[in-house]
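Working through the structure, step by step
Listed below are the residues making up each chain.
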Amino acid sequence: MKSNQSFNEKVYALLRKVPKGKVTTYKALAEALGTKAYRAVGQAMRCNPYAPKVPCHRVVASDGTVGGFSGSRNPKSREVKRKIKILRSEGVKVHNNTIVDFKKEYFLNF
DNA sequence: GCTTTGACTCTCG
DNA sequence: TCGAGAGCCAAAG
């Protein structure tokens, strides 16, 4: 299998598979790709060339905490806050930077 | 082509 | 229960 698309693009593809109102984790994405590059997935989000197509806000930590990137460290950015707002709009309940019923909304069946 | 970093995760103390 | 360290892979310099 040749990697025609870059690793990040694969992540975007999987992330795009995530239905609306559901969330996933970096681990799930990495595992789905057949690798353990959890961090590589995050890096793809960091670039996030496909902003609307790649809902990085739907990606959370394995613990279900949204914090982990520019949010906990930069509360002033409150960028995460906006993402949380979107998640709530999608139907995902988020409280205290954490996904409510995370396991319930956890989507790993790509 | 090697080194550094990174929006992570897991295990040990 | 919380904190620190190691491991893993990939992209960028």
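Now for a look at the structure at hand. Note that the structure is a prediction, hence the values are computed from the model and not measured. (Residues numbered from 1 in each chain as written. Chains lettered and ligands numbered in written order. Predicted model: local features only at pLDDT ≥ 70, side-chain atom pairs only at ≥ 80, totals over all residues. Heavy atoms only, no water.)

1. A short note on helix H2 (residues 26-33)
Heads up, the condition is: Any residue under 20% of the maximum accessible area for its type is buried, any over 50% is exposed, and the rest in between are partly exposed; the area is computed with a 1.4 Å probe on protein chains only. Only DSSP runs of H or I with at least four residues qualify as helices, and only runs of E with at least two residues qualify as strands; both kinds are numbered from the N terminus onward.
Within H2, burial applies to Ala-28, Leu-29 and Ala-30. A positive backbone phi angle near 85° is found at Gly-34, which sits one or two residues after H2.

2. Quick look at the packing of helix H1 (residues 7-17) against H2
As a reminder of what qualifies: Interaxial angles span 0 to 180 degrees and are taken between N-to-C directions of axes, which are lines fitted to C-alpha atoms, for helices over the stretch in contact. Should an angle fall under 35 degrees it is taken as roughly parallel, and over 145 as roughly antiparallel, whereas 65 to 115 is taken as roughly perpendicular and any remaining angle as oblique. By definition, turning the near helix anticlockwise from the far helix through less than a right angle yields a left-handed crossing, and turning it clockwise yields a right-handed one. Only heavy atoms matter for contacts: two residues are in contact if any of them lie within 4.5 Å across the pair. Nonpolar residues are Ala, Val, Leu, Ile, Met, Phe, Trp, Tyr, Cys and Pro. Charged residues are Asp, Glu, Lys and Arg, and all others, Gly as well, are polar.
The geometry of H1 relative to H2 is characterised by a closest axis approach of 10 Å and an angle of 110° between their N-to-C directions. One element, H1, and the other, H2, form an angle in the roughly perpendicular class. H1 and H2 meet at a crossing whose hand is right-handed. In this structure, H1 contributes Phe-7, Lys-10, Val-11, Leu-14 and Leu-15 to the contact, and H2 contributes Leu-29, Ala-32 and Leu-33. Counted by class, the contact of H1 with H2 contains seven nonpolar, no polar and one charged residues.

3. Thoughts on unusual backbone geometry
Backbone geometry at Asn-96 places phi at a positive 60°, although glycine is not the residue there. By secondary structure assignment, the location of Asn-96 is in the loop between strand S3 (94-95) and strand S4 (98-99). Even without being glycine, Asn-97 reaches a positive phi, approximately 60°. By the element assignment, Asn-97 lies in the loop between S3 and S4. A relative accessible area of 31% places Asn-97 in the partly exposed class.

4. Side note on the protein's contact with DNA strand C
Spelled out, the test is: Residues are labelled near a given molecule or strand when at least one of their non-hydrogen atoms is within 4 Å of it. Any pair of nitrogen or oxygen atoms within 3.5 Å is treated as a polar contact; in protein, a donor-acceptor pairing is required on top of that, and neighbouring residues in sequence qualify only through side-chain atoms on both sides.
Lining the immediate environment of DNA strand C, one finds Phe-7, Thr-35, Ala-37, Arg-39, Ala-40 and Gln-43. For DNA strand C, the backbone portion of the atoms within 4 Å of the protein, that is sugar and phosphate, comes to 75%. Here a phosphate oxygen of DNA strand C and a backbone polar atom of Phe-7 are 3.0 Å apart. Here a base nitrogen of DNA strand C and a side-chain polar atom of Gln-43 are 3.5 Å apart. Here the surface near DNA strand C takes three residues from helix H3 (residues 38-47), the largest share from any one element. Across the surface near DNA strand C, the residue classes tally to three nonpolar, two polar and one charged.

5. Observations concerning the environment of Val-92
Considering the arrangement of structural elements, one finds Val-92 in the loop between helix H4 (79-90) and S3. Along the primary structure Val-92 and Lys-20 are separated by 72 residues, whereas in three dimensions their C-alpha atoms are 9.0 Å apart. When sequence neighbours within four positions are dropped, the list of residues in contact with Val-92 reads Gly-21, Lys-22, Val-23, Leu-87, Ile-99 and Glu-105.

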